[in-house]
Amino acid sequence: MLPERVISHADFRRHAKRRLPHVLFDYVDGGAYDELTMERNRAGLTHMLLRQRVLCDMSSVRMETRLAGVDATMPVVLAPVGFAGMLARRGEVQAARAAQAAGVPFTLSTVGICAAEEVTNAVEPPWMQLYMIRDRAFMRDLLQRTWALGSRQLVFTVDLPAPGARYRDVRSGMSAQQNWRGSLRRAIDGLAHSGWLLDVYMSGRPHSFGNLAGAGIDMSSFATAWGWMRANFDASVSWPDVAFVRQNWPGAILLKGILDVEDARMAVDAGVDGIVVSNHGGRQLDGVRSSIEALPPIADAVDGRLDVLMDGGIVSGLDILKALANGARGCMLGRAWAFALAAGGEEGVSRMLSRIRDELRLAMIMTGCKDVRTAGRHLIDCKALGHAHL
Ligand SMILES: Cc1cc2nc3c(=O)[nH]c(=O)nc-3n(C[C@H](O)[C@H](O)[C@H](O)COP(=O)(O)O)c2cc1C
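Criteria and cut-off values
Residues numbered from 1 in each chain as written. Predicted model: local features only at pLDDT ≥ 70, side-chain atom pairs only at ≥ 80, totals over all residues. Heavy atoms only, no water. Axes fitted to C-alpha atoms, helices over the stretch in contact; angles between N-to-C directions. Helix = DSSP H or I, 4+ residues; strand = E, 2+ residues; numbered from the N terminus. Parallel < 35°, antiparallel > 145°, perpendicular 65-115°, else oblique. Left-handed = near helix turned anticlockwise from the far one by under 90°. Contact = heavy atoms within 4.5 Å. Near = heavy atom within 4 Å. Polar contact = N/O pair within 3.5 Å; in protein donor to acceptor, adjacent residues only side chain to side chain. Areas by Shrake-Rupley, 256 points an atom, 1.4 Å probe, with all protein chains shown as cover. Nonpolar A, V, L, I, M, F, W, Y, C, P; charged D, E, K, R; others polar. UniProt positions renumbered as here; feature names shortened; annotations may be inferred. Buried < 20%, exposed > 50% of the residue type's maximum accessible area, 1.4 Å probe, protein only. Salt bridge = Lys/Arg side-chain N within 4 Å of Asp/Glu carboxyl O. Pairing = 2+ DSSP bridges. Right-handed = clockwise from strand over helix to strand, strands pointing away. Phe/Tyr/Trp six-rings, centres within 6.5 Å; stacked < 30°, edge-to-face > 60°.

## So, the packing of helix α2 (residues 22-29) against helix α15 (residues 335-367)
- Between α2 and α15, the least distance of the axes is 10 Å, while the angle of their chain directions is 160°. Accordingly, the angle class assigned to the pair α2 and α15 is roughly antiparallel. Note that α2 runs across α15; the crossing there is left-handed. Contact residues: α2 offers F25, V28 and D29, while α15 offers R335, A338 and F339.

## Looking at the site of the ligand
- Lining the immediate environment of the ligand, one finds 21 residues, of which P80, S109, Y131, T157 and D311 sit closest.
- Separating a nitrogen atom of the ligand from a side-chain N or O atom of Y131 is a distance of 2.7 Å.
- Within the backbone of G334, a nitrogen or oxygen atom sits 3.1 Å from an oxygen atom of the ligand.
- Burial of the ligand by the surrounding chains reaches 97%, relative to a free accessible area of 600 Å².
- Of the residues in the shell around the ligand, the class split is 7 nonpolar, 10 polar and 4 charged.

## As for the UniProt feature "binding site: FMN" (unreviewed entry) in the protein chain
- According to UniProt, the "binding site: FMN" (unreviewed entry) feature falls on P80, V81, G82, S109, Q129, T157, K256, S278, G334 and R335.
- Turning to its location among the elements, T157 is positioned in strand β6 (residues 153-157).
- If we skip the residues at most four places from it in the chain, T157 touches Q129, L130, Y131, K256 and H280.
- For T157, the side chain forms a polar contact with the side chain of Q129, separated by 3.0 Å.
- Its location among the elements puts S278 in the loop between β8 (274-277) and α13 (291-302).
- Look at S278 and you get buried, because its relative accessible area is 1%.

## A look at the packing of helix α14 (residues 317-325) against α15
- Between α14 and α15, the shortest axis-to-axis distance is 7 Å and the interhelical angle comes to 55°. Taken together, α14 and α15 sit at an angle that is classed as oblique. As for the relative orientation of α14 and α15, their crossing is right-handed in sense. Residue-level contacts link G317, L318, I320 and L321 of α14 to I356, E359, L360, A363, M364 and T367 of α15.
- For the contact of α14 with α15, the class distribution of residues is 7 nonpolar, 2 polar and 1 charged.

## Looking at the pattern of salt bridges
- Using the criterion set out here, one finds 21 salt bridges in the structure.
- Across the salt bridge formed by R66 and D71, the nearest N and O atoms sit 2.8 Å from each other.
- Classification of D71 as exposed rests on a relative accessible area of 57%.
- Residue E347 is joined to R351 by a salt bridge in which the shortest nitrogen-to-oxygen separation is 3.2 Å. Of this pair, E347 and R351 both sit in helix α15, 4 residues apart, roughly one helical turn.
- What emerges from the salt-bridge pattern is a single network uniting R13, D26, D29, E35 and R168.

## Observations regarding α2
- Among the 8 residues of α2, 6 are classified as buried, and the element is accordingly described as predominantly covered.
- Along α2, the residues classified as buried are V23, L24, F25, Y27, V28 and D29.

## Remarks on the sheet that holds strand β5 (residues 127-130)
- A sheet is described by the order of its strands in space; here 8 strands give the open sequence β3-β10-β9-β8-β7-β6-β5-β4, paired in parallel fashion. The sheet terminates laterally at β3 (76-78) and β4 (107-108), the two strands that pair on one side only.
- Examined bridge by bridge, β8 and strand β9 (residues 307-310) share 4 bridges and lie parallel to one another. The residue bridging V277 from the neighbouring strand is M310, located in β9.
- Each of β7 (252-258), β8 and β9 touches α13; the most contacted strand, β8, lies at about 155° to it.

## Focus: the pairing of β9
- Burial along β9 is two-sided: the residues D307 and L309 and V308 and M310 are all buried.
- Judged from the 2 bridges that link them, β9 and strand β10 (residues 330-333) form a sheet pairing that is parallel. Within β10, the residue paired with M310 across the bridge is C331.
- The parallel pair β9 and β10, bridged by α14, forms a crossover whose chirality is right-handed.

## Notes on unusual backbone geometry
- Note the cis peptide between R205 and P206, where omega equals 5°.
- By secondary structure assignment, the location of P206 is in the loop between α9 (194-202) and α10 (222-232).
- Phi at D303 takes a positive value of approximately 50°, unusual for a residue other than glycine.
- With respect to the secondary-structure elements, D303 resides in the loop between α13 and β9.

## Section: the packing of aromatic side chains
- Counting across every chain of the model gives 10 aromatic pairs.
- Note on Y131 and F233: the rings are 4.8 Å apart at their centroids and 40° apart in plane angle, and the pair reads as tilted. Here Y131, found in the loop between β5 and α6 (136-149), pairs with F233, found in the loop between α10 and α11 (239-248); they are 102 residues apart in sequence, far enough to count as distant. Residue Y131 shares its accessibility class with F233, and that shared class is buried.
- Here the aromatic cluster, defined as three or more aromatic residues joined through ring pairs, consists of Y27, F83, F209, F222 and W226.

Okay, structure coming up:
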């Protein structure tokens, strides 16, 4: 049971930290290099101020919207999170159940522990996320498999031609082979987290990348799995591959990891249905813009010709309203659901989503925003101190 007092993102993070072995907590919590962009994602949102408006008759507030052609009860999507099945037993299924109950889409990572088949047995077909892997025949099969299962939204992640330099993962042994000392430290760490050990390590198997079964991955340790990713993620990925994906996916395609106006324009020209303005939660190139900084010029350039989603640092309903006000149609949540899952499984993700919904509703009421689809820059207090750095 998740204690009642676990409410805010900080609470979930703290609870997850207690429950998870350090290697997994750092994997979720960390970013690339010095984690400057990761911090900037949060700072950009926390420094942005909303305008408080009063006497607007806020007796009715509309949060429902459509994202990439599907109805959602609020402008939220659970972002793809690799290895989520290591955070809680069959974690992707638990999170997808919570998302479905809340009426928001769940995105299944290519490198999820649970396969699309397992998720689809439990809930409606998820949005599918794709990393470009060298073996194009395998890619084609994966697309056909998930299409046949009923998925219709494909999130093609384009900001990971190669895995980023995440030093916490190197130190912890998540992404690099350890000597015997490191392995012993890791084993003791696992034993010290008995709740996780019983729930996930002992009863949550198999711990392989379900969607990549048959791709010849050695999953005997995190380091060998990362080694496979480094060797097989395709750094040659380029715009013609978007056409390749289009040929093999008749449904909606969203390019995830757009941070530059020029790339956003090219996405429009490529005919995709949406983009996710994202720097991968600060896990790829450190020292680039925060997502909230990148969003307004991209939204202007795209000018409604495709759906603009945004992620990076979103942990509350207030953050969501700020993103909508700056031109996003919806937001993806990454660490917010990963920590909620680690802290309390399906119940944790459900509680987090219900808190986010309450926060968004209250933020709309307090800013005089009656409909998420009409949120705009008029909601932002541009003149206040603290906005200047954006
Ligand atoms: C632990 C973790 C694993 C992730 N795995 C994936 C993945 O498999 N595919 C992907 O496209 N993005 C992945 N991401 C990036 C998220 O989809 C999302 O872009 C990012 O988490 C947003 O930032 P936030 O965590 O601050 O919300 C991952 C992020 C985290 C934190």
